[in-house]
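Residues per chain, in single letters:
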Amino acid sequence: MLSLSRARLKKLVSGLWLVLLLKFCFLAESSCGSGCDLALASYYFWDGTNLSFISMVLSASIEDILGYNTQIASKDFVISGTRINVPFSCGCLNNTVLGHAFNYTLQQGDTYDTLAGTYFSNLTTVAWIEKFNSYNPNNLQIGDSVTVVVNCTCGNSSVSKEYGLFITYPLRPGDTINYVADYANRSVKLLREYNPDANFSAGAGLVYFPGRDKSGNFRPLQSSKGASSGVIVGISVAVAAVLVILVVYIYFRCIRRRKMEKASLLPEVAADPLTRPALESFHGTSGGSTGGAAGVPGMTVDKSVEFSYEELAKATNDFSLANKIGQGGFGAVYYAELRGEVCYGHFNLLRAYSFVLITKKVKLPAIILIVHLRSQNSEGSF
């Protein structure tokens, strides 16, 4: 039989709620969904760079880069000052932001400024690099692997479901929203809807707008894979609530079963073939009388009292054979005088569960006192 103390029940329930709280906090902090398999980075082709370097920095093959830039006639010649789109995957980083974490190995003379402003063409910032790295920016070592995060977006169904592929566009001095809208071949209104907080004239920062795939088409927004964070939170709450209810149910069922087992001692004593004659002769009943105790005709449960083991031993003359009046499946039956009452006690020395006293009162036909033995060295009953 399962047995749970109140203290253990409280710990278990508290643990379940703690797990639920942590799960809820984890999901609540996850504000970026599952990401998407493709995004594009608008890379400003600075003087001195080439497609091989860009391919190395942004981990994209030259063939893939050319596939999204049909305006490039030759991979060996790209005009400085133009922009090219570089494909990369867009995922949820640290459950907080959509982006891609690139790894760059520091070379002689590299700094966070050169990484952000030149090598990654302002697709990131120095502050963003510092956020994802623990290196001292003033003491960078050759060979250190630096994590460079480039942000991205996968679309917004509340704005439009027609667009599911987006370009991460670093603003440069002189840019305006009209210039970017012309470059993206999309309306100013659409750019504002996708970038409500952006200052297109700031000369720095990132904005996002729809991009075309290798076929030159706009990719539609894909349905989210899996359940949303809200659905997951709801399911987690429901599962945790069911677990708590189940634990409480098991606990109270165990308590009820214990009570039933204790109550079953009454019919066991009355049904004992050796004890029953003594009870009937004592009460002058023959088993056909009626009473309040279930399974024990003509008997009523009055109350539960406690006697020490020493008191019972003294009353039965240390459980001597002279006081023993019978033997049943539950144990021996003794004659005793306890606190002025003449009693018959049913007691098992090996199991030492309880001492069932049958006594006689003036007002009631019969009273059964369930006596629990308490040890001096323990908190509970024997």
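Calculation notes
- Residues numbered from 1 in each chain as written.
- Predicted model: local features only at pLDDT ≥ 70, side-chain atom pairs only at ≥ 80, totals over all residues.
- Heavy atoms only, no water.
- Helix = DSSP H or I, 4+ residues; strand = E, 2+ residues; numbered from the N terminus.
- Buried < 20%, exposed > 50% of the residue type's maximum accessible area, 1.4 Å probe, protein only.
- Contact = heavy atoms within 4.5 Å.
- Phe/Tyr/Trp six-rings, centres within 6.5 Å; stacked < 30°, edge-to-face > 60°.
- Lys NZ or Arg CZ within 6 Å of the ring centre and 35° of its normal.
- Pairing = 2+ DSSP bridges.
- Axes fitted to C-alpha atoms, helices over the stretch in contact; angles between N-to-C directions.
- Core = buried A, V, L, I, M, F, W, Y, C linked by side-chain atoms within 4.5 Å.
- Patch = residues over 30% accessible without salt bridge, like charges linked within 9 Å, V, L, I, M, F, W, Y side chains within 5 Å.
- Areas by Shrake-Rupley, 256 points an atom, 1.4 Å probe, with all protein chains shown as cover.
- Salt bridge = Lys/Arg side-chain N within 4 Å of Asp/Glu carboxyl O.
- Disulfide = S-S within 2.5 Å.

(A) Inspection of the overall build of the chain at higher detail. Along the backbone of the chain there are eleven helices and twelve strands. When the 382 residues of the chain are sorted by exposure, 40% land in the buried category. Residue pairs in contact within the chain that sit at least 24 positions apart in sequence constitute 61% of those at least 6 positions apart.

(B) Examining the packing of aromatic side chains more closely. Summed over the entire model, instances satisfying the criterion amount to twelve aromatic pairs. When the centroid spacing of 4.8 Å and the interplanar angle of 70 degrees are considered together, the rings of Phe-166 and Tyr-194 count as edge-to-face. With a gap of 28 residues between them, Phe-166 in strand β5 (residues 166–170) and Tyr-194 in helix α7 (residues 188–194) connect regions that are remote in the sequence. The pair Phe-166 / Tyr-194 is uniform in exposure class, with both members buried. The rings of Trp-46, Phe-53, Tyr-104 and Tyr-119 are connected pair by pair, giving a single aromatic cluster. Of note, Arg-83 hangs over the ring of Tyr-169, and the distance from its end group to the ring centre comes to 3.9 Å. Its end group placed over the ring of Tyr-44, Arg-172 keeps NZ or CZ at 3.6 Å from the ring centre.

(C) Looking closely at the sheet that holds strand β2 (residues 83–93). Judged by pairing direction, the sheet is mixed, and its six strands sit side by side in the order β4-β3-β2-β1-β5-β6 without closing on themselves. Looking at strand neighbours, the two that pair on one side only are β4 (145–151) and β6 (206–210), the edges of this open sheet. Between one strand and the next, the sheet's axes are offset by a mean angle of 40 degrees, whatever the strand orientation. Where strand β3 (residues 97–105) meets β4, seven bridges bridge the pair, whose relative direction is antiparallel. Of the residues in β4, the one forming a bridge with Asn-103 is Thr-147. With respect to the sheet, helix α4 (residues 112–119) is in contact with β1 (36–44), β3 and β4, its orientation differing from that of β4 by roughly 40 degrees.

(D) Inspection of the nonpolar core at higher detail. Counting 38 residues, the largest nonpolar core has Tyr-43, Ile-54, Leu-58, Ile-84, Val-86, Leu-115 and Phe-120 as the members making the most contacts within it. Broken down by secondary-structure element, the contributors of at least two residues to this core are β1, α2 (51–57), α3 (62–67), β2, β3, α4 and β4. When near neighbours in sequence (up to four residues on either side) are disregarded, Val-86 contacts Ala-39, Leu-40, Ala-41, Tyr-43, Ile-54, Leu-58, Ala-60 and Ile-65.

(E) Up close: a nonpolar patch on the surface. Nonpolar side chains collect at one region of the surface, where Val-239, Leu-243, Leu-246 and Tyr-249 lie side by side and expose about 370 Å² of accessible area between them. As for its position among the elements, Val-239 is in helix α8 (residues 229–263). Given the relative accessible area of 46%, Val-239 is considered partly exposed.

(F) Structural context of the pattern of salt bridges. Tallied over the entire structure, the rule returns three salt bridges. A salt bridge links Arg-219 to Asp-37; the nearest nitrogen and oxygen atoms lie 3.5 Å apart. With Arg-219 in the loop between β6 and α8 and Asp-37 in strand β1, this residue pair connects regions lying 182 residues apart in the sequence. By relative accessible area, Arg-219 is classed as partly exposed at 24%. Across the pair Glu-193 and Lys-189 runs a salt bridge, and its minimum N-O distance is 2.7 Å. Linking Glu-193 with Lys-189, this pair stays in helix α7, spanning four residues, or about one helical turn.

(G) Spatial organisation of the state of the cysteines. Taken as a whole and assessed by the stated rule, the structure comprises two disulfides. A disulfide bridge connects Cys-36 with Cys-154, and the sulfur atoms are separated by 2.0 Å. Taking the sign of the torsion about the S-S bond as the criterion, the disulfide between Cys-36 and Cys-154, at about -80 degrees, is left-handed. Of this pair, Cys-36 sits in strand β1 while Cys-154 is found in the loop between β4 and β5, placing the two residues 118 residues apart along the sequence. Of the two residues, Cys-36 and Cys-154, neither departs from the other in class, the shared state being buried. Between Cys-90 and Cys-152 runs a disulfide, and the two sulfur atoms are separated by 1.9 Å. One quick way to see it: the torsion about the S-S bond of Cys-90 and Cys-152 is about 90 degrees, and its sign makes the bridge right-handed. One end of the pair, Cys-90, is in strand β2; the other, Cys-152, is in the loop between β4 and β5, with 62 residues separating them in the sequence. Cys-90 sits in the buried class, given a relative accessible area of 3%. Judged by its relative accessible area of 6%, Cys-152 is buried.

(H) Inspection of the side chain of Thr-168 at higher detail. Mapped onto the fold, Thr-168 is located in strand β5. Under the relative-accessibility criterion, Thr-168 is labelled buried at 0%. Excluding anything up to four places from it in sequence, Thr-168 contacts Leu-40, Ala-41, Ser-42, Phe-88, Leu-123, Val-150, Asn-151, Cys-152, Leu-206, Val-207 and Tyr-208.

(I) Highlighting unusual backbone geometry. Its identity is not glycine, yet Asn-95 carries a phi of approximately 60 degrees, on the positive side. The phi angle at Ser-121 is positive, at roughly 50 degrees, despite the residue not being glycine. Here Ser-121 is to be found in the loop between α4 and α5 (126–131).

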